[in-house]
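# Descriptive analysis of the structure
Below are the chains, spelled out letter by letter.
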Amino acid sequence: MDGEQIETATLAEGGANPGSASGFSGPDQPEWEDYSRCIRCGLCLNQCPTYRELGVEMDSPRGRIYQMVQVAEVRLALGETFVRHIDLCLDCRACETACPSGVEYGKLVEAARAQIHQHYRRPLVERLLRRVAFQYLLPKPMSLRVAAALLRFFQASGLQEMIRRSGLLESFPRLAQLEPLAPAIESPSFFPQIGKVFPARGERRFRVAFHAGCIANVAFARLQEATVRVLQANGCEVVIPAGQICCGALHVHAGLREEARALARKNIAAFLREPVDAILTNAAGCGSTLKEYGYLLRDDQEWREKAATFVARMKDVTEFLVEIGLTQPLRPVPRTVTYQDSCHLAHGQKVRQPPRMLLESVPGLRLVEMPLADLCCGSAGIYNVTETRLAMQLLRNKMDAVNSTGADTIATANPGCILQLRAGVKLHGHGQRVAHVVELLDEARAGE
Ligand code: SF4
Ligand code: SF4
């Protein structure tokens, strides 16, 4: 693409935020032991979606690390230019997979964002929206339920369809861009299931706890139910602990680490009350952060051991199902499926084969690989909302890859990717179904 279409910047433009301190200070700084491992080899560049699209060194992993070093050494202000390049990063961690030097880039960019959150004053509207999302919506189940009910009314009453057809959105290009990304709210929500225990079907082999997340309980309630059914069908008693809450992944990605720590403590307390063999999630983005609670709470004397116990039990549902082996009888699902790696599963958790193995175990299902399956689809938490234009370019490329396979179904293992890919099918697809791997396993359950 033409790099000029996306508002970016170069180092030479400078742009310090008036009144902000230069350099990093306070908690959660990018650490020298992490960024000094970068040997500037450039092997990560072509794996980086933003560099591939923009062709700008400062929007590559190497360029962003360079800027962090410059800020740390007080040669570059923690200002508008730095913030823009760090904002444009998807935090997809494809660079970690590519790096021969073991740079843990996710830690670096998340710490850089924590510094930005502490020291950089964003425009008023942005600050307000972030406050609403991160403080009043995601961590508050009741607020989420109210917001979901309003959105559900908008969608189910025909208002949404009427606005779509009226052409009104053409006068509001930003809203028109975001509209295909809005999740369809599912009713009933999954929230009432929190606190319940679901028995294993047949002999109980394992007892597991399910982390249900936040938005997924209203936008992916049927996926949540399918996850519980598949686990039950494979001999698991499933407990959904009361007191659990949003995992804090979006907070971590946005630099709100104190808020993320508060959520982590609540989740750890809720889940460690239950004697279970594993703690599971069906959301790769959440799983990546849930597995990093130990790192998040490493300086917390009271919680770090509890966090380590929690992390030792934490697994993505696909890796757990492969570990225990499927025992559910399977009937044929005659579909041609292509699998999109979720970045936070493939790059963040290094889980690549389990979802593919599960799909391949379904009779009648043909798995076809798309080119660059582990390149980000543009979803990346709330990136598709905050950086919609670049996210949509990435989605366009992803859909070209999907369409080249001839698959009738796109499988993935993360609700955020499902939303983005559904928008991709609407905009550029051929009517493909987009489903979580677990939903296809649920469809394949036989004999019940
Ligand atoms: S996390 Fe993704 S977008 Fe960010 S620098 Fe690494 S590869 Fe590029
Ligand atoms: S691959 Fe690793 S060491 Fe090489 S430039 Fe990228 S981050 Fe640095």
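This one's a predicted model, so the numbers in the text were calculated from it and none came from an experiment.

## Quick notes on the sheet that holds strand S6 (residues 336–339)
- One open sheet accounts for 4 strands, arranged S7-S6-S8-S9; its pairing is parallel. Both edges of this open sheet fall to strand S7 (366–367) and strand S9 (433–436), since each of them pairs with a single strand only.
- In this sheet, strand S8 (residues 409–412) lies alongside S6 in parallel orientation, the contact comprising 3 bridges. Pairing of threonine 338 across the sheet is with isoleucine 410, part of S8.

## Describing the packing of aromatic side chains
- Counted according to the given criterion, the structure contains 5 aromatic pairs.
- Between the aromatic rings of phenylalanine 271 and phenylalanine 310, the centroid separation amounts to 5.9 Å while the plane-to-plane angle is 85 degrees, which identifies the pairing as edge-to-face. Here phenylalanine 271, found in helix H14 (residues 257–272), pairs with phenylalanine 310, found in helix H17 (residues 304–313); they are 39 residues apart in sequence, far enough to count as distant.
- Classification of phenylalanine 271 as buried rests on a relative accessible area of 0%.
- Residue classification places phenylalanine 310 among the buried residues on the basis of a relative accessible area of 1%.
- Seen in terms of ring centroids, tyrosine 293 and phenylalanine 310 are 5.2 Å apart; in terms of plane orientation they differ by 25 degrees. Their pairing is stacked. Note that tyrosine 293 is positioned in helix H16 (residues 293–296) and phenylalanine 310 in helix H17, a separation of 17 residues in sequence. A single burial state applies to tyrosine 293 and to phenylalanine 310, both of which are buried.
- An aromatic cluster of at least three residues, connected via ring pairs, comprises Phe271, Tyr293 and Phe310.
- Across the ring face of tyrosine 295, the terminal group of arginine 298 is positioned such that the distance to the ring centre comes to 4.0 Å.
- One Lys or Arg, lysine 306, reaches over the ring of tryptophan 303 and ends 4.3 Å from the middle of that ring.

## Quick notes on the pairing of strand S2 (residues 206–210)
- The buried count for S2 comes to 4 of 5 residues, which makes it a mostly enclosed element.
- Here S2 pairs with strand S3 (residues 236–239) via 4 bridges, running parallel. Paired with arginine 207 across the strands is glutamate 237, a residue of S3.
- Pairing between S2 and strand S4 (residues 278–281): 3 bridges, direction parallel. Its bridge partner lying in S4, valine 208 is registered against alanine 278.

## Examining the sheet that holds strand S1 (residues 197–198)
- Strand order in the open sheet formed by 5 strands is S1-S3-S2-S4-S5, with mixed pairing between adjacent strands. Bordering the open sheet on either side are S1 and strand S5 (314–316), each of which pairs with just one other strand.
- Where S4 and S5 come together, 3 bridges link them in parallel fashion. Pairing of threonine 281 across the sheet is with aspartate 316, part of S5.
- Of the strands in this sheet, S4 and S5 are in contact with H17, which crosses S5 at around 30 degrees.

## A word on the side chain of glutamine 432
- Locating glutamine 432 in the fold gives a position in the loop between helix H23 (415–428) and S9.
- A distance of 2.8 Å separates polar atoms of two side chains, one belonging to glutamine 432 and the other to asparagine 403.

## Brief notes about the packing of helix H3 (residues 61–72) against helix H6 (residues 105–119)
- Look at H3 against H6: their axes get within 11 Å of each other, and the N-to-C directions meet at 50 degrees. Considering the angle they form, H3 stands oblique to H6. In this structure, H3 crosses over H6, and the sense of that crossing is left-handed. Each of Pro61, Arg64, Ile65 and Met68 in H3 lies in contact with H6, whose residues at this interface are Tyr105, Leu108, Val109 and Ala112.
- When grouped by side-chain class, the residues that make up the contact of H3 with H6 number 7 nonpolar, no polar and 1 charged.

## A closer look at the nonpolar core
- Ranked by internal contacts, the top residues of the largest apolar core, which has 37 residues, are Val208, Leu231, Val238, Phe320, Leu321, Tyr339 and Leu359.
- Elements with a minimum of two residues in this core: S2, helix H12 (221–233), S3, S4, helix H18 (317–324), S6, helix H20 (353–360) and helix H24 (437–443).
- Apart from residues lying up to four places away in sequence, leucine 359 is in contact with Val337, Tyr339, Leu365, Leu367, Ala411, Val437 and Leu440.

## A look at the site of ligand 1
- If you check the shell around ligand 1, you find 13 residues, and the closest are Cys48, Arg64, Cys89, Cys92 and Cys95.
- Sorting the residues of the shell around ligand 1 by element identifies helix H2 (49–54), H3 and helix H5 (94–98) as the ones contributing at least two each.

## A few points about a nonpolar patch on the surface
- Nonpolar side chains collect at one region of the surface, where Met142, Val146 and Leu150 lie side by side and expose about 330 Å² of accessible area between them.
- Mapped onto the secondary structure, valine 146 falls in helix H8 (residues 141–156).
- For valine 146, a relative accessible area of 46% puts it in the partly exposed group.

## Side note on the pairing of S9
- Examined bridge by bridge, S8 and S9 share 4 bridges and lie parallel to one another. From the neighbouring strand, threonine 412 faces S9, where its bridge partner is histidine 436.
- Read from S8 through H23 to S9, the crossover connection turns out right-handed.

What counts and how
- Residues numbered from 1 in each chain as written.
- Chains lettered and ligands numbered in written order.
- Predicted model: local features only at pLDDT ≥ 70, side-chain atom pairs only at ≥ 80, totals over all residues.
- Heavy atoms only, no water.
- Pairing = 2+ DSSP bridges.
- Helix = DSSP H or I, 4+ residues; strand = E, 2+ residues; numbered from the N terminus.
- Phe/Tyr/Trp six-rings, centres within 6.5 Å; stacked < 30°, edge-to-face > 60°.
- Buried < 20%, exposed > 50% of the residue type's maximum accessible area, 1.4 Å probe, protein only.
- Lys NZ or Arg CZ within 6 Å of the ring centre and 35° of its normal.
- Contact = heavy atoms within 4.5 Å.
- Axes fitted to C-alpha atoms, helices over the stretch in contact; angles between N-to-C directions.
- Polar contact = N/O pair within 3.5 Å; in protein donor to acceptor, adjacent residues only side chain to side chain.
- Parallel < 35°, antiparallel > 145°, perpendicular 65-115°, else oblique.
- Left-handed = near helix turned anticlockwise from the far one by under 90°.
- Nonpolar A, V, L, I, M, F, W, Y, C, P; charged D, E, K, R; others polar.
- Core = buried A, V, L, I, M, F, W, Y, C linked by side-chain atoms within 4.5 Å.
- Near = heavy atom within 4 Å.
- Patch = residues over 30% accessible without salt bridge, like charges linked within 9 Å, V, L, I, M, F, W, Y side chains within 5 Å.
- Areas by Shrake-Rupley, 256 points an atom, 1.4 Å probe, with all protein chains shown as cover.
- Salt bridge = Lys/Arg side-chain N within 4 Å of Asp/Glu carboxyl O.
- Right-handed = clockwise from strand over helix to strand, strands pointing away.

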